[in-house]
Amino acid sequence: MAAVSARLPAFPWDKLEPYKKTAAAHPDGIVDLSVGTPVDPVPQLIQDALVAAADSPGYPTVRGTAALRDAITGWLKGRLGASAAGHRNVLPVVGSKELVAWLPTQLGLGAGDKVAYPRLAYPTYEVGARLCGAEPVVYDDPTELDPAGVKLLWLNSPSNPTGKVIPKEDLIRIVAWAREHGILIFSDECYLELGWEAEPVSVLHDDVCGGSYEGLVAVHSLSKRSNLAGYRAAFIAGDAEVLGELLEIRKHGGMMTPAPVQAATVAALGDDAHVAEQRGRYAARREALRAALEAHGFRVEHSEASLYLWVTRDEACWDTVAHLAERGILVAPGDFYGEAGARFVRVALTATDERVEAAVKRLA
């Protein structure tokens, strides 16, 4: 067991604990803008669907119910512009982090293979590579990579942590390059519903993929758009052959989305009103925090989408973390996401209106 854990970097959030204690000591309590966990209520129609399916004594299927697959394919067509999506192009997963961490292993990757991901990125892309013994490789532009040995290419738009959106024309170029070199693309699009100053586009959009999902899989989650982080409700969509192989592996591994969560996902994907309502909450918090941070001397970069503000005071990120912790505000240091983030911090919009207001007052 130690041999496996030794492949992994130190768990980054453990390093934040001393600063969390400092922030928690503030007389008015901590404002936690670090992890990015949803705090608003699960929409009632989703709770109702979960409760209605609570009497589920049998095992669920790994591939999901027909109703779930209908809901996902309908959403793909209506929201992503993926007109060719069918049941063979979708697969539910037990939260997107599980998928990201174990995907390279499930694809059979190992020593000698390379897994590529953005230079500033969600740390679990690297973890997934290291778990299977593959080589993690970072990029600024994936088409500038040496394609030799690259078996899996992660895209992330909108980006976590920066909120950067990959323009449609760049997606078209990247997809063409990956197909030319036989490289499988997995596109993490979990923040796609949260575009602010740019409109995110999926790799499955007809204009990007040409109506074919060959070599392409998109990853989507209901954690942020529907406040379902606690439900572990997510799915992947795209290349039917890749998903078919993953289905067989996941059947053997017992990776099943619970039946009540499947029913809740159907309800969530069938309703746009709660998504618009939640977007409104985040938009207001974003506006308030951005103005307060800029007035306090921060510069905001990218952040045109997602649930975060990527900000800097042009100092070491841990100095910024300490500065804000003294004011009872906890944020994530940028180096959690790669060395290129060493002078930035990530500020999450996932706090209640009352806590956001408290942060704004403390920054004034």
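The following paragraphs examine the structure supplied in this document.

Thresholds, definitions, all that
Residues numbered from 1 in each chain as written. Predicted model: local features only at pLDDT ≥ 70, side-chain atom pairs only at ≥ 80, totals over all residues. Heavy atoms only, no water. Helix = DSSP H or I, 4+ residues; strand = E, 2+ residues; numbered from the N terminus. Polar contact = N/O pair within 3.5 Å; in protein donor to acceptor, adjacent residues only side chain to side chain. Contact = heavy atoms within 4.5 Å. Core = buried A, V, L, I, M, F, W, Y, C linked by side-chain atoms within 4.5 Å. Buried < 20%, exposed > 50% of the residue type's maximum accessible area, 1.4 Å probe, protein only. Pairing = 2+ DSSP bridges. Axes fitted to C-alpha atoms, helices over the stretch in contact; angles between N-to-C directions. Right-handed = clockwise from strand over helix to strand, strands pointing away. Phe/Tyr/Trp six-rings, centres within 6.5 Å; stacked < 30°, edge-to-face > 60°. Lys NZ or Arg CZ within 6 Å of the ring centre and 35° of its normal. Expected span 1.5 Å × (residues − 1). Arc of directions from axis to C-beta. Left-handed = near helix turned anticlockwise from the far one by under 90°. Nonpolar A, V, L, I, M, F, W, Y, C, P; charged D, E, K, R; others polar. Parallel < 35°, antiparallel > 145°, perpendicular 65-115°, else oblique.

### Thoughts on the side chain of H220
1) Next: The residue H220 is located in strand β7 (residues 216-221) in this model.
2) Next: Side chain to side chain, H220 and E189 meet in a polar contact 2.8 Å long.
3) Next: The contacts of H220, once residues within four sequence positions are left out, are W75, L80, E189, C190, L192, A234 and F235.

### Some points on the nonpolar core
1) Next: Formed by 67 residues in total, the largest nonpolar core has its most connected members in W154, F186 and I236.
2) Next: At five residues, the largest contribution of residues to this core is made by helix α12 (residues 317-325).
3) Next: With residues near it in sequence (within four places) discarded, F186 still touches L99, L103, L152, L153, W154, L155, V217, V219, V242 and L246.
4) Next: Listed in part, the 45 residues of the second largest apolar core include V90, Y231, A233 and L269.

### A few points about the sheet that holds strand β10 (residues 308-312)
1) Next: Here four strands make up an open sheet; going across it, the order is β9-β10-β13-β12 and the pairing antiparallel. What marks the edges here is a single partner per strand, and that holds for β9 (299-301) and β12 (332-333).
2) Next: Judged from the two bridges that link them, β12 and strand β13 (residues 345-348) form a sheet pairing that is antiparallel. Its bridge partner being in β13, P333 is matched across the sheet by V345.
3) Next: Against the sheet, helix α11 (residues 273-295) makes contact with β9, β10 and β13, and its axis sits at roughly 5 degrees relative to β10, the strand it touches most.

### Focus on the pairing of strand β8 (residues 234-238)
1) Next: Counted residue by residue, β8 has five buried out of five residues, so it is predominantly covered.
2) Next: Residue alternation in β8 divides its side chains into two sets, A234, I236 and G238 and F235 and A237, and both sets are buried.
3) Next: Pairing analysis gives four bridges linking strand β2 (residues 90-93) to β8, with the strands arranged antiparallel. Bridging across to β8, P92 finds its partner in F235.

### Comments concerning the pairing of strand β5 (residues 150-156)
1) Next: Counting buried residues in β5 gives six out of seven residues, a clear majority hidden from the surface.
2) Next: Bridge count for strand β3 (residues 114-118) against β5 is three bridges, and the pairing is parallel. When the bridges of β5 are listed, K114 appears paired with V150.
3) Next: One ladder, built from five bridges, connects β5 with strand β6 (residues 184-188); its direction is parallel. Of the residues in β6, the one forming a bridge with L152 is L184.
4) Next: In the classification by handedness, the crossover that spans β5, the intervening helix α7 (residues 168-180) and the parallel β6 is right-handed.

### Things to note about the packing of aromatic side chains
1) Next: Counted according to the given criterion, the structure contains twelve aromatic pairs.
2) Next: Taking 5.6 Å as the distance between ring centres and 65 degrees as the angle between the ring planes, the aromatic pair formed by Y191 and Y308 counts as edge-to-face. Here the residue Y191 occupies a position in the loop between β6 and α8 (206-209), and Y308 occupies one in strand β10, the gap between them amounting to 117 residues.
3) Next: Overall, the relative accessible area of 6% leaves Y191 in the buried class.
4) Next: Pairing F336 with Y337 gives two aromatic rings, centres 6.4 Å apart and planes at 55 degrees, and the pair type is tilted. Of the two residues, F336 and Y337, both sit in the buried class.
5) Next: Taken together, the aromatic side chains of W13, Y19, W310, W318, F336, Y337 and F344 make up a single cluster linked through ring pairs.
6) Next: Over the ring of F298 we find R313; its NZ or CZ atom is 5.7 Å from the centre of that ring.
7) Next: Between the NZ or CZ atom of R346 and the centre of the ring of Y308, over which it lies, the distance is 3.8 Å.

### What about the sheet that holds β7?
1) Next: With mixed pairing, the seven strands of this open sheet are ordered in space as β2-β8-β7-β6-β5-β3-β4. Each edge of the open sheet carries a strand with a single partner, namely β2 and β4 (135-139). The sheet shows a mean angle of 20 degrees between the axes of neighbouring strands, direction not considered.

### Topic: α7
1) Next: Here α7 is 13 residues long and its end C-alpha atoms lie 18 Å apart, about the 18 Å a rise of 1.5 Å per residue gives.
2) Next: All of the buried residues along α7 are L171, I174, V175, W177 and A178. All buried residues of α7 fall inside an arc of 165 degrees around its axis, so they share one side. Summarising the geometry of α7, the exposed residues directed more than 90 degrees from the buried face are E169 and E180.
3) Next: The elements touched by buried residues of α7 are β5, β6, α8 and β7.
4) Next: The positive-phi residue at the C-terminal boundary of α7 is G182, with phi of around 65 degrees.

### Quick word on the packing of helix α5 (residues 96-106) against helix α6 (residues 124-132)
1) Next: Contact geometry for α5 and α6: axes closest at 7 Å, N-to-C directions at 35 degrees. Note that α5 runs across α6; the crossing there is right-handed. Of α6, the residues touching α5 (which contributes K97, V100, A101, W102, P104 and T105) are T124, Y125, G128, A129, L131 and C132.
2) Next: Residues of the contact of α5 with α6, tallied by class, amount to eight nonpolar, three polar and one charged.

### Let's talk about the packing of α5 against helix α9 (residues 240-253)
1) Next: Between α5 and α9, whose axes approach to 12 Å, the crossing angle comes to 100 degrees. Between α5 and α9, the interaxial angle falls into the category roughly perpendicular. Residues E98, L99, L103 and Q106 of α5 touch α9, and the partners they reach there are L246, I249 and R250.
2) Next: Broken down by class, the residue content of the contact of α5 with α9 amounts to four nonpolar, one polar and two charged.

It is worth stressing that arrangement in space is one thing and function is another; only the former is reported here.
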